[in-house]
Amino acid sequence: MLKLSGRGWLIGGAGLLAIILFIAWRAWYGKPVEVWVVEVRALTQSVVLTGRVSTESRVVLGSTIVGRVKSVAVREGADVKAGQLIATLEDAELTATLDQADAAWRNAEARLTSQRSVIAPVAMQQREQAGSNATTSAREFVRQQELFAKGFIGQSRLDESRRVNEVAQSQLAAAEAQAQANATGSELKQVIARVAEARAAREFAASRLAQTRILAPAAGRVLERFVEPGQILQAGARVASMSLAGPTQLWAQVDEKFLSQLTVGQAAIVVADAFPGQTFAATIQGISPTIDVLRGSVEVKFAVTTPPAFLRNDMTLSIEVETARREKTLAIPAELVATGVNPTVMLLEGRVAAKRAVKLGIRSSTYVEVREGLQAGNAVIVDRAIAEGARVHRGEDAVKTIAPGMGNDVTKILVPEK
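**Section: the pattern of salt bridges**
Okay, step 1: Within the structure shown, the criterion is met by 13 salt bridges.
Okay, step 2: For arginine 68, the salt bridge identified is with glutamate 90, shortest N-O distance 3.7 Å. Note that arginine 68 is positioned in strand E4 (residues 67-72) and glutamate 90 in the loop between strand E6 (85-89) and helix H2 (92-150), a separation of 22 residues in sequence.
Okay, step 3: Judged by its relative accessible area of 36%, arginine 68 is partly exposed.
Okay, step 4: Glutamate 90 sits in the partly exposed class, given a relative accessible area of 45%.
Okay, step 5: In this structure, glutamate 369 engages arginine 326 in a salt bridge whose closest nitrogen and oxygen atoms are separated by 3.1 Å.

What follows is the structure, given as structure tokens:
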């Protein structure tokens, strides 16, 4: 059995005391921790949306009649003017119908001209002649009555004179009615009605013929053509689609939780997925007043002052909208904040970990603004596993700060297209 001398016990006791003192010192000195020194910096918050290109008006041109396609005058991507021919349907039958209706209309017009220049004047002359005859027969009847009263003629002669007078008066009444009908009455109205009917039939035939020519309603660009020559179309069949000339618009569906960050007039930087190296500017033109309940999103429209030539309808875009900017503010990495109802951070105060409540502001992709609760120079403990009240100290080379040149930090709240 090993026996220690007095000197050995002394050395052993001193070593044990040294260990105890070291452990006590370590407990007093605390665990070394990595900290982040709070400094003032610039911070920019933006929202990155997935959008698409559109024009204010897009139309689908279709056939309003049944017919066979005779020709298609444009190709996809062609720029067209207002009234320019897009496609033609076969029109031989409708052309013949128009010719027939046109002839009927001209005949009705000729009948009306004849009615006014020939038939009506003749009827007026016949009325005047009948009036003259009626006057003569009336006078003769009066004279015959006088002769009968004096006994110079018999009853039969008087009756004959009466009959002649009555016939003359009837003929006068008939002539007056005929003259009235031909001049301003039913005969004229019937002829005028026939003219109107023939004109309407001609206009209907002309409109049917016009429907064989499908024209551009306004200047724009042909997006798609759906027919080829020889194809038989039913009424309502699509022929082509086109975007009407007008301001280029961009639109995006934004998750409603970001709605509070967006306002009309905010600037945006846009890049097309197909042309990643060419950015252009846009501004928020309008925000829909309604929410899509199925997708929980709102439609946002953007105006483009000078759209680049490479833009195409429905092209996919990435739209970055700057929603807030701080030129000088306190900011720390978002990962250092214990989020919840009341956000907190863990500070190094002396040699003790102390929990501090903070009020946050705008966020970036990596940083969050601290509006209240911290000051420049505060040391925030990086390790969120450190408990409040723990003895800690700043470890060597364990200080994190804002590296030179980091300047603005931009949030990219990616909102996928829905």
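Following the structure, the description resumes.
**Describing the side chain of threonine 44**
Okay, step 1: Looking at where threonine 44 falls in the secondary structure, it is placed in strand E2 (residues 39-55).
Okay, step 2: Residue class for threonine 44 comes out buried when judged on its relative accessible area of 3%.

**Some points on the pairing of E4**
Okay, step 1: The pairing of E4 with strand E9 (residues 232-233) spans 2 bridges and is antiparallel. When the bridges of E9 are listed, arginine 68 appears paired with isoleucine 232.
Okay, step 2: Inspection of the sheet shows E4 paired to E6 by 3 bridges, in the antiparallel sense. From the neighbouring strand, serine 71 faces E6, where its bridge partner is threonine 88.

**Details of the layout of surface pockets**
Okay, step 1: Put simply, the second largest pocket is a space of about 170 Å³.
Okay, step 2: Along the walls of the second largest pocket sit Ile65, Val66, Gly67, Arg68, Leu89, Glu90, Ala92, Glu93, Leu94, Arg208 and Thr212, which together make up its complete lining.
Okay, step 3: Counting residues per element, the ones that place at least two in the lining of the second largest pocket are E4 and H2.
Okay, step 4: Take the lining of the second largest pocket: its biggest share by element is 3 residues, from H2.
Okay, step 5: A per-class count over the lining of the second largest pocket returns 5 nonpolar, 2 polar and 4 charged.

**Structural notes on the sheet that holds strand E5 (residues 79-80)**
Okay, step 1: In spatial order, the strands read E3-E10-E8-E5; together these 4 strands make up an open sheet with antiparallel pairing. In this open sheet, the two edge strands, each paired with only one partner strand, are strand E3 (58-62) and E5.

**Describing the packing of aromatic side chains**
Okay, step 1: For the structure on display, the rule yields 3 aromatic pairs.
Okay, step 2: Their ring planes at 70° and their centres at 6.4 Å tell us that phenylalanine 280 and phenylalanine 310 sit as a pair that is edge-to-face. A residue pair is termed long-range when its members are at least 10 positions apart, and phenylalanine 280 in strand E13 (residues 275-287) and phenylalanine 310 in the loop between strand E14 (297-303) and strand E15 (316-333) qualify at 30 residues. In this structure, phenylalanine 280 and phenylalanine 310 share a single accessibility class: buried.
Okay, step 3: Members of the aromatic cluster, joined through ring pairs, are Phe275, Phe280 and Phe310.
Okay, step 4: Cation over ring: arginine 41 sits above tyrosine 367, and NZ or CZ is 4.0 Å from the ring centre.

Rules used throughout
- Residues numbered from 1 in each chain as written.
- Predicted model: local features only at pLDDT ≥ 70, side-chain atom pairs only at ≥ 80, totals over all residues.
- Heavy atoms only, no water.
- Salt bridge = Lys/Arg side-chain N within 4 Å of Asp/Glu carboxyl O.
- Helix = DSSP H or I, 4+ residues; strand = E, 2+ residues; numbered from the N terminus.
- Buried < 20%, exposed > 50% of the residue type's maximum accessible area, 1.4 Å probe, protein only.
- Pairing = 2+ DSSP bridges.
- 1 Å grid on protein atoms, 1.4 Å probe; cavity = no way out; pocket = protein on both sides within 12 Å on 5 of 7 lines; lining within 4 Å.
- Points joined across faces, edges and corners; volume = space filled by probe spheres on them.
- Nonpolar A, V, L, I, M, F, W, Y, C, P; charged D, E, K, R; others polar.
- Phe/Tyr/Trp six-rings, centres within 6.5 Å; stacked < 30°, edge-to-face > 60°.
- Lys NZ or Arg CZ within 6 Å of the ring centre and 35° of its normal.

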